[in-house]
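Structural overview for review
If you want the building blocks of each chain, they are given just below.
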Amino acid sequence: MRYDEDLLKEYFCEAPKDISLDDVDMARVPGHVSIIMDGNGRWATARGLDRSQGHVAGVDSLREAVTTSVRLGLDVLSVYAFSTENWKRPQKEVNLLMHLFATTLVHELPLFHQENVRLRFFGDLTALPVETREVFQKGLDETADHDGMTFALAVNYGSRAEIARAARELAAEVAAGERDADTIDADAVAGHLYTRGLPDPDLLIRTSGELRLSNYLLWQLAYSEFYVTPTLWPDFSRWDMLRAIKSYQSRERRFGGVK
Ligand code: IPE
Ligand code: IPE
Ligand code: MG
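What this report covers is the structure whose coordinates are included nearby. Predicted model only: the values in this text are computed from it and were never measured. (Residues numbered from 1 in each chain as written. Chains lettered and ligands numbered in written order. Predicted model: local features only at pLDDT ≥ 70, side-chain atom pairs only at ≥ 80, totals over all residues. Heavy atoms only, no water.)

Comments concerning the site of ligand 2
- What surrounds ligand 2 is the set Ile36, Met37, Asp38, Tyr80, Ala81, Phe82, Asn86, Arg89, Arg206, Arg212 and Ser214.
- The separation between an oxygen atom of ligand 2 and a polar side-chain atom of arginine 212 is 2.8 Å.
- Summarising the interface, the protein chains cover 78% of the accessible area of ligand 2, which totals 390 Å² for the free molecule.
- Of the pockets mapped on this structure, ligand 2 occupies the largest pocket.
- It is strand β2 (residues 76–83) that contributes the most residues to the shell around ligand 2, three residues altogether.
- Residue composition of the shell around ligand 2, grouped by class: five nonpolar, two polar and four charged. (Near = heavy atom within 4 Å. Polar contact = N/O pair within 3.5 Å; in protein donor to acceptor, adjacent residues only side chain to side chain. Areas by Shrake-Rupley, 256 points an atom, 1.4 Å probe, with all protein chains shown as cover. 1 Å grid on protein atoms, 1.4 Å probe; cavity = no way out; pocket = protein on both sides within 12 Å on 5 of 7 lines; lining within 4 Å. Sits in = over half its atoms within 2 Å of the grid points. Helix = DSSP H or I, 4+ residues; strand = E, 2+ residues; numbered from the N terminus. Nonpolar A, V, L, I, M, F, W, Y, C, P; charged D, E, K, R; others polar.)

Structure (structure tokens):
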């Protein structure tokens, strides 16, 4: 996607010593970056704070990640905000997160308008509190006409549940006589995932050092490049995004072929 050269330079003007905009080839910026935003709890605990304060601090990082992605001209930024397994957390933390999603979205709508960002969700939203669901719907409605970057928030998302759901939908089409089972190929499955219509992530970033996927985009990450940083999510900045993209640009993507 296109980016504004002047805004870009201004945004990245005060560079730290080890990384600057010059380290990135703007002609080869990944189209879709996806982030497993991890480490809010550890960030808070290390400061003697409640875990919830880590989540609140994480919102600032997310806002910056959205702006950074727009400045860099990404087509899609997707982020893992709440997994199907995160319901196992203490009720107080779950409630705080659900409330935070709703209030943050309302607060950030002007940013999405200003930056022409279209919102999308991955996950089963029917299980969310009604307040959160209503705000999410408002966000979808109000940004539906935007044709800039797509920002996708994975909430109550789990890859296994997503793939099972796709299988169920395809089976129902076959049972209804709408589809021949022989037509179920990879494209047909992809067309029934929450990510339908979007390109697969080119780059997956996970913060806070964990080397696992935690049930995130198992299908879509088949050929993505991975970048794991020890930086905790509330500390993740525009410069960390540049570091990740620089690393991405040093890789040789083969997709199973030879170069
Ligand atoms: C990620 O931070 C945010 C969510 C899962 C909602 P964590 O809350 O998992 O933070 P850590 O991993 O305990 O540090
Ligand atoms: C993955 O992080 C989920 C999100 C970032 C929303 P977790 O913190 O839940 O993952 P595990 O439990 O460390 O695998
Ligand atoms: Mg975690």
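As for the site of ligand 1
- As a matter of local geometry, ligand 1 sits amid 13 residues, with Asp38, Gly41, Arg42, Arg51 and Arg89 nearest to it.
- Between ligand 1 and aspartate 38, the relevant distance is 2.8 Å, taken from an oxygen atom to a side-chain nitrogen or oxygen of the residue.
- Taking arginine 51, its side chain carries an N or O atom lying 2.8 Å from an oxygen atom of ligand 1.
- For ligand 1, whose accessible area on its own is 370 Å², the fraction buried by protein is 86%.
- The cavity that encloses ligand 1 is the largest pocket.

Some points on the pattern of salt bridges
- This model, assessed by the stated rule, comprises 21 salt bridges.
- Arginine 28 is the partner of aspartate 25 in a salt bridge, and the nearest nitrogen-oxygen pair spans 3.1 Å.
- Of the charged contacts, one joins arginine 179 and glutamate 173 as a salt bridge, the two residues approaching to 2.8 Å between their closest N and O atoms.
- Linked by salt bridges that have partners in common, Asp38, Arg42, Arg206 and Glu210 make up one network. (Salt bridge = Lys/Arg side-chain N within 4 Å of Asp/Glu carboxyl O.)

Notes on the environment of proline 30
- Within the secondary structure, proline 30 sits in the loop between α1 (5–11) and β1 (32–36).
- Once the C-alpha coordinates of proline 30 and glutamate 173 are considered, the two residues, 143 residues apart in sequence, prove to be 35 Å apart.
- Each residue touching proline 30, except ones within four places of it in the same chain, is listed here: Leu74, Asp202, Leu203, Ile245 and Tyr248. (Contact = heavy atoms within 4.5 Å.)

Description of unusual backbone geometry
- Of note in this structure, asparagine 116 is not a glycine but carries a positive phi near 60°.
- With respect to the secondary-structure elements, asparagine 116 resides in the loop between α4 (91–114) and β3 (118–122).
- Even without a glycine there, the phi angle at leucine 217 is positive, about 45°.
- When you line up the elements, leucine 217 lands in the loop between β5 (203–207) and β6 (225–229).
- On the basis of relative accessible area, leucine 217 is assigned to the buried category, the value being 1%. (Buried < 20%, exposed > 50% of the residue type's maximum accessible area, 1.4 Å probe, protein only.)

Details of the packing of helix α3 (residues 51–72) against α4
- Two elements in contact, α3 and α4, have axes whose closest approach is 11 Å; the angle formed by their N-to-C orientations is 25°. Looking at the two axes, α3 sits roughly parallel to α4. Crossing of α3 over α4 shows right-handed handedness. Contacts between α3 and α4 involve Arg51, Ser52, His55, Val56, Val59, Arg63, Val66 and Thr67 on the former and, on the latter, Glu93, Leu96, Leu97, Leu100, Thr104, His107, Glu108, Leu111 and Phe112. (Axes fitted to C-alpha atoms, helices over the stretch in contact; angles between N-to-C directions. Parallel < 35°, antiparallel > 145°, perpendicular 65-115°, else oblique. Left-handed = near helix turned anticlockwise from the far one by under 90°.)

Here's the deal with the sheet that holds β2
- The six strands lie next to each other as β3-β4-β2-β1-β5-β6, forming an open sheet whose pairing is parallel. Sheet topology places β3 and β6 at the edges, where each strand pairs with a single neighbour. Neighbour-to-neighbour, the strand axes of the sheet open up by a mean angle of 20°, direction not taken into account.
- As defined by bridge partners, β1 adjoins β2 across five bridges and the pair is classed as parallel. Counterpart to serine 34 in the pairing with β2 is serine 78.
- Seen against the sheet, α3 touches β2 and β4 (150–157) and runs at an angle of roughly 160° to β2.
- Its contacts with the sheet place helix α8 (residues 238–249) against β1, β2, β5 and β6, and it is angled at close to 135° to β5. (Pairing = 2+ DSSP bridges.)

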